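Residues per chain, in single letters:
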Amino acid sequence: MNISIFGLGYVGCVSLACLARDGHEVIGVDVDRTKLELIAAGKTPVVEEGMVDLVAAAAASGRMRVSDDVRDAVANTEISLVCVGTPSAANGNQDLSAIHRLSADLGAALKDKASPHVIVFRSTLAPGTVEDVIRPIVEDASGKRDGEHFHLCFQPEFLREGSSIRDYDKPPFTIVGANADYPVEVLRALFGHLPCAFHTTSVRAAEMVKLCCNNFHALKITFANETARLCGSLGVDPFEVMDLLCKDTQLNISKAYLKPGYAFGGSCLPKDLRATLYMAKQHDVELPMLGGVLPSNREHVARAVDKVLATGKRRIGLIGLSFKTGTDDLRESPTVTLAEQLIGKGMRLSVYDPEVHLSRLLGANKRFIEQHLPHIGELICADVRDVVAKSDVLIVSLADPKVFDVLRDSVRPEQLVLDLVRIPSASSWPCNVAGLCW
Ligand SMILES: NC(=O)c1ccc[n+]([C@@H]2O[C@H](COP(=O)([O-])OP(=O)(O)OC[C@H]3O[C@@H](n4cnc5c(N)ncnc54)[C@H](O)[C@@H]3O)[C@@H](O)[C@H]2O)c1
């Protein structure tokens, strides 16, 4: 394939050399003359394991050349990979000046091109950048339409500095965000041979996944480091603790707890977090990330309350009351907190939870609900249909397919369902179903 690559930093230069190695004809474009001269002489502008030999071999192969002429690069290739930098601006926003300038140049170059051209953004971009910022610039400059004469798409790059060639050859996955089949097929032809899954999605989701991956990595490192600080103050070996933690691939290193939904609660997570933070305080150890977890959880409940109030309806049905499906444990249930706050705002509540039988509640569980919802007995209905009949808005926090079936058959078109569990069949329900926290 004939490929042009714009921006010859870590991402662009590694891609250039690897694609030439794999037999493609590549043109590298940069605004930095020194980088162009180095690459033309077979030298790498970035320090990366394996790059000295790879760039030398690519230059010797005759399949790689460099240029500062965007028009030449677009005219002589069928696909362009954009790898220019997107550093932080002073206010934290992405500095898109290189992207803006290049998009205008690419648009101008497309004006004269008759054959279809695919432009793949590999730079990390905030969701909406390709469709809302870049597309108008390219369309204006080219006088042509995205999806007709050219195709804009986004394919996040997952290589890491220090192991970039190995990561290029074995990424965790390939994700292509595109609005048409043609750019997906071009990218499948280019990257489909890599030993990883090939996923397609919307442009915005692809942009968001890249940011989320980096945020998740930062979160993991910070979790390990906060754990280490606390372990250090307690005389516990942090490496042993983290090593053991990682051996649990059922709950820890797994998909568990990574599905968006409602706030966490129950008799363990909030109390153990509080105990951890108290211990850190006693040992003068700062844990800002763990310290931010409970406030973030409260924010999730506050958002739910605001969203219910914004409906302007007063008759609210809660489907599910315990802290998660399949238990009658009400201790620190965020749904109980939601109920408490809605009652405080003057809402009329009715509640259904198949596991919660007031006569059977005991001990701390009984004390908790008596303290937080003393009139719970008047709110609870034994049949979910009764809650539906008495409510204008239904809040579903119970993930039970049997309950979903009853709800689908009994809700009325004018009712609103606020979903906390991502009801699988929601699109076939006769009423409007919306996420409560998203
Ligand atoms: N470095 C990484 O490990 C890594 C990994 C994944 C994704 N990314 C993302 O990829 C993008 C590039 O990162 P990088 O580290 O390779 O950046 P970099 O700063 O090393 O290189 C960017 C290059 O773009 C060039 N450039 C600027 N304006 C240009 C223009 N108008 N035309 C052509 N070239 C131009 C610069 O001269 C520079 O050589 C960023 O968005 C980054 O967030 C980086």
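About the cut-offs
- Residues numbered from 1 in each chain as written.
- Predicted model: local features only at pLDDT ≥ 70, side-chain atom pairs only at ≥ 80, totals over all residues.
- Heavy atoms only, no water.
- Helix = DSSP H or I, 4+ residues; strand = E, 2+ residues; numbered from the N terminus.
- Polar contact = N/O pair within 3.5 Å; in protein donor to acceptor, adjacent residues only side chain to side chain.
- Contact = heavy atoms within 4.5 Å.
- Core = buried A, V, L, I, M, F, W, Y, C linked by side-chain atoms within 4.5 Å.
- Buried < 20%, exposed > 50% of the residue type's maximum accessible area, 1.4 Å probe, protein only.
- Pairing = 2+ DSSP bridges.
- Axes fitted to C-alpha atoms, helices over the stretch in contact; angles between N-to-C directions.
- Arc of directions from axis to C-beta.
- Phe/Tyr/Trp six-rings, centres within 6.5 Å; stacked < 30°, edge-to-face > 60°.
- Near = heavy atom within 4 Å.
- Areas by Shrake-Rupley, 256 points an atom, 1.4 Å probe, with all protein chains shown as cover.
- Nonpolar A, V, L, I, M, F, W, Y, C, P; charged D, E, K, R; others polar.
- Salt bridge = Lys/Arg side-chain N within 4 Å of Asp/Glu carboxyl O.

### A few points about the side chain of Glu157
Summarising the element assignment, Glu157 is placed in the loop between strand E6 (150-154) and helix H7 (164-169). A polar contact is formed between the side chain of Glu157 and the side chain of Arg122, at a distance of 3.2 Å. Here the side chain of Glu157 touches Leu159 through a polar contact of 2.8 Å, landing on its backbone nitrogen. Ignoring any residue separated from it by four or fewer positions in sequence, one finds Glu157 in contact with Val11, Ser15, Arg122 and Lys210.

### Points about the nonpolar core
Within the largest apolar cluster, 37 residues are counted, with the highest numbers of intra-cluster contacts made by Leu19, Met51, Ile79, Leu81 and Leu187. When contributions to this core are tallied by element, the ones reaching two or more residues are strand E1 (2-6), helix H1 (10-21), helix H2 (33-40), helix H3 (51-61), strand E4 (79-82), strand E5 (117-121), H7 and helix H8 (181-191). No other element matches the seven residues that H1 contributes to this core. With sequence-adjacent residues up to four places away left out, Ile79 is seen in contact with Met1, Asn2, Ile3, Ser4, His117, Val118, Val120, Val186, Leu187 and Leu190. Counting residues in each nonpolar core, the second largest holds 31 residues, with Val305, Leu349, Val351 and Leu418 among its members.

### Thoughts on unusual backbone geometry
In most cases, non-glycine residues show a negative phi, while peptide bonds are predominantly trans. Residue Tyr257 is not a glycine yet carries a positive backbone phi of 70 degrees. Relative to the elements of secondary structure, Tyr257 occurs in the loop between helix H10 (238-247) and helix H11 (269-282). Positive phi outside glycine occurs at Glu332, with the angle close to 55 degrees. By the secondary structure assignment, Glu332 is in the loop between strand E9 (315-319) and helix H14 (334-344). Assessed through its relative accessible area of 28%, Glu332 is described here as partly exposed.

### Some words on the sheet that holds strand E12 (residues 416-419)
Taken in spatial order, the five strands make up an open sheet running E10-E9-E11-E12-E13, and their pairing is parallel. Both outer strands of the open sheet, strand E10 (348-352) and strand E13 (432-435), are each paired with one neighbouring strand and no more. The mean angle between the axes of side-by-side strands here comes to 20 degrees, regardless of whether they run parallel or antiparallel. Bridge count between E12 and E13: four bridges; the pairing is parallel. Across the sheet, residue Leu416 finds its bridge partner in E13, namely Asn432. On top of the sheet, H14 reaches E9, E10 and strand E11 (393-396); it is set at about 170 degrees to E9, its chief contact.

### Digging into the environment of Ala20
Relative to the elements of secondary structure, Ala20 occurs in helix H1. The buried category is assigned to Ala20, whose relative accessible area is 0%. Separated by 222 residues in sequence, Ala20 and Met242 have C-alpha atoms that sit 41 Å apart. Among all residues touching Ala20, those that are not within four sequence positions of it are Val26, Ala58, Arg63 and Met64.

### Digging into H8
Those residues of H8 that sit buried are Pro183, Val184, Val186, Leu187, Leu190 and Phe191. Buried positions in H8, seen along its axis, are confined to an arc of 160 degrees and lie on one side of it. Residues of H8 that are exposed and angled more than 90 degrees away from the buried face: Asp181 and Ala189.

### Side note on the packing of aromatic side chains
By the definition in use, this model includes two aromatic pairs. Relative to Phe191, the ring of Tyr168 has its centre 6.4 Å away and its plane inclined at 70 degrees; by these criteria the two rings are edge-to-face. Of this pair, Tyr168 sits in helix H7 while Phe191 sits in helix H8, and the two are 23 residues apart along the sequence. An identical accessibility class is assigned to Tyr168 and Phe191; each is buried.

### With respect to the site of the ligand
Within the structure, the ligand sits among 22 residues, and Val11, Asp30, Lys35, Thr86 and Glu161 are positioned closest to it. Between Asp30 and the ligand, the recorded distance is 2.6 Å, taken from a side-chain N or O atom to an oxygen atom. In the environment of the ligand, a nitrogen atom lies 2.8 Å from a nitrogen or oxygen atom belonging to the side chain of Glu161. The protein chains hide 78% of the 830 Å² of surface that the ligand would expose on its own. Here the residues of the shell around the ligand are counted per class, giving 10 nonpolar, six polar and six charged.

### Considering the pattern of salt bridges
Counting across every chain of the model gives 26 salt bridges. Taking the shortest distance from any N to any O, the salt bridge between Arg385 and Asp383 comes out at 3.3 Å. The partner of Glu414 in a salt bridge is Arg412, and the shortest N-O contact between them spans 3.0 Å. Its relative accessible area of 56% is what places Glu414 among the exposed residues.

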